[in-house]
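# Descriptive analysis of the structure
Take a look at the letters that make up each chain.
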Amino acid sequence: MITNGEQKMSDPHENNTPDPVAETGTLGSLYEKHKTIYVRTVKGWWTSWRWIFVWATQILFYGLPWVQWGERQAVLFHLVERKFYLFGLVLWPQDAFYLAVLLIISAYALFLFTAVAGRLFCGYACPQTVYTEIFLWLEKWLEGERPARIKLDKAPMNARKLRVKTIKHALWLLISLWTGFTLVGYFTPMHELIASIGTFNFGGWEIFWIFFYGGFTYLMAGFLREQLCKFMCPYARFQSAMFDPDTLIITYDPKRGEPRGAFRKNADRAQQGDCVDCNICVQVCPVGIDIRKGLQYECIGCGACIDGCDEVMDKLAKPRGLVRYTSENALAGKYGRGDFWSHVLRPRILIYSALLTLIIIAAGWSLVTRVPLRTDVIRDRSVLGREVKGGKIENVYTLKVMNVSEQARTFVISVGGQEGLELTENTRVETGATENREVTLSVQAPIGALSQGSHQIFFDVVAVDDPAVAVHEKTTFLMP
Ligand code: SF4
Ligand code: SF4
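Now for a look at the structure at hand. Worth saying up front: this structure is predicted, and the values here are computed from it rather than measured.

Now for the overall build of the protein. Looking only at helices and strands, the protein has 17 helices and 16 strands in total. The C-alpha radius of gyration of the protein comes to 32 Å, more than 25% above the 23 Å expected for a compact globule of 480 residues. For the protein, the spread of C-alpha atoms along the three principal axes comes to 115 × 60 × 45 Å. Here the protein, with 480 residues, has 44% of them falling under the buried criterion. In the protein, of all internal contacts separated by at least 6 residues, the share reaching a separation of at least 24 is 67%. Total accessible area on the protein stands at roughly 26,000 Å², and carbon and sulfur atoms take up 63% of it. Charged side chains in the protein number 51 positive and 47 negative. The centres of these two groups are separated by 9 Å.

Listed below in structure tokens is the structure:
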């Protein structure tokens, strides 16, 4: 059960949160006073993994816009050209289907990972976590460890404090603006952006997004930090719907840890649990919660409290894992270590995984085998069927031919579907690489060849160099 930090998962007498009603006789304010969290540095397996994800996501994010693919940027959402370049792929607005599939896959993957091991995304890959981690690292580097930062913030302003704070905010701003600039580099070719830096000759929306996204990064990672996870992120609120008692969660083992008590050399430890109430797990927590109060919705699953507590257990020569990844059922002793993985790989997870794999394979197959040609036909509505020379009825169409490949192509256009149809002009159209062409097509049929009314016909558009690159486009022919 996920709580709001007022309850514990199991042992109720572990709850030492003061009750404001009991203590004061009145309800507390609706708004809690914000307390700055001075996160203590911690080392360990989970922290290393967090940093691996920080590096991996940031190398990807900052690096991708600089990668070239032939003559162009490898990954570019070209808003002016209305094309999305993804290495060898060129996607058009008509391919928005793939974007929808990508969103479905992402949402589905989030459900799956959450059902397996809780908020893995939040703890390791969410931009808020990643940028907060980077900003915090800079803060620690400039201002020192937790006690030094607390002391510095309490101290009155002096030359050193002013210098340190100014450098810190200048570096945060630099990173933030570079983040905004990089984001824009996914939508405007990076070489154009770089060329504009000297003259500050950016377009209006480019300036807006550099400063908006940059400012957002500065505000969120520098100031709001855990408050975004606690109060603004909707995922924190609905994650519990995806949890079940076999979901892996980071939790404190009260059976082993309680009764907690400060470590004293000559104390009878047999009467005490393993928790020495050192508060390290709280001090390393980036959202400032006490994991010993049970699983709380604020917990982003970063694992810092596991590393912190493991360090303490190592010093006390006790086994690690007083705070660890486990499930509610395992913690309650419903199964042992031997059955652990069979509960992780339970039917729900296997079904989710199979469905996700199927969607990915189907989307990948559709993408790889898609025909690099799109067409769109519009009947000229101002001129329905009209009589022309030679005793014929003519219908006029506009055919848009979109060559989605990265090579110039010539296409042959023919008409079919009814007897006696004839295409009078534009039976060939030449297009450059990833180019759109619009042609006017005039289709004629002898009077009397078709009955009065609407008849289905089609245009065949076939590439001269590769007959497999072809589209069969349906439309109607009106006989007055
Ligand atoms: S770090 Fe471990 S020993 Fe220290 S208070 Fe937290 S749970 Fe107890
Ligand atoms: S309780 Fe532990 S896992 Fe949760 S946010 Fe705090 S440090 Fe991270």
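Moving on, we come to the sheet that holds strand β5 (residues 89–91). With respect to topology, three strands assemble into an open sheet ordered β3-β4-β5, the strand pairing being antiparallel. What marks the edges here is a single partner per strand, and that holds for β3 (75–78) and β5. Each strand axis lies, on average, 10 degrees off the axis of its neighbour in the sheet, ignoring direction. Alignment of β3 against strand β4 (residues 83–86), held across four bridges, turns out to be antiparallel. Within β4, the position partnered with phenylalanine 77 by the bridge is phenylalanine 84.

Moving on, we get to the site of ligand 1. The environment of ligand 1 is formed by 13 residues, the closest being Cys275, Cys278, Asn279, Cys281 and Cys309. Elements with a contribution of two residues or more to the shell around ligand 1: α13 (280–283) and α14 (304–315). Each residue belonging to the shell around ligand 1 can be placed in one class, and the counts come to 10 nonpolar, one polar and two charged.

The rules behind these values
- Each chain has its residues counted from 1, running along the sequence as written.
- Each chain gets a letter, beginning with A, and each ligand a number, beginning with 1, in the order they are written.
- Where totals are concerned, whole chains, interfaces and linings use all residues; where local detail is concerned, this predicted model gives features only for residues with pLDDT of at least 70, and gives and counts side-chain atom pairs only at 80 or more.
- Side-chain numbers come from the whole structure's heavy atoms, not from hydrogens or water.
- Going along the chain from the N terminus, every DSSP run of H or I of four or more residues is numbered as a helix, and every run of E of two or more is numbered as a strand.
- Within these notes, the globule rule equals 2.2 Å times the number of residues to the 0.38 power, and the radius of gyration is based on C-alpha atoms.
- Partly exposed residues are those whose accessible area sits between 20% and 50% of the maximum for their type, while under 20% is buried and over 50% is exposed, using a 1.4 Å probe and protein chains only.
- In this description, contact between two residues means that some pair of their heavy atoms is separated by no more than 4.5 Å.
- Residue burial considers only the protein chains on display, and all accessible areas are found by Shrake-Rupley using a 1.4 Å probe.
- For the purpose of charge, His is not counted, nor are the chain termini; Lys and Arg are scored as positive and Asp and Glu as negative.
- Note that the charge is assigned to NZ on lysines, CZ on arginines, CG on aspartates and CD on glutamates.
- Two strands make a pair as long as DSSP finds a minimum of two bridges between them.
- Note on definitions: angles span 0 to 180 degrees between N-to-C directions of axes, and those axes are lines fitted to C-alpha atoms, for helices only across the stretch in contact.
- Put simply, a residue is near a molecule or strand once any heavy atom of it comes within 4 Å of that molecule or strand.
- Residue polarity follows a fixed list, in which Ala, Val, Leu, Ile, Met, Phe, Trp, Tyr, Cys and Pro are nonpolar, Asp, Glu, Lys and Arg are charged, and the others, Gly among them, are polar.

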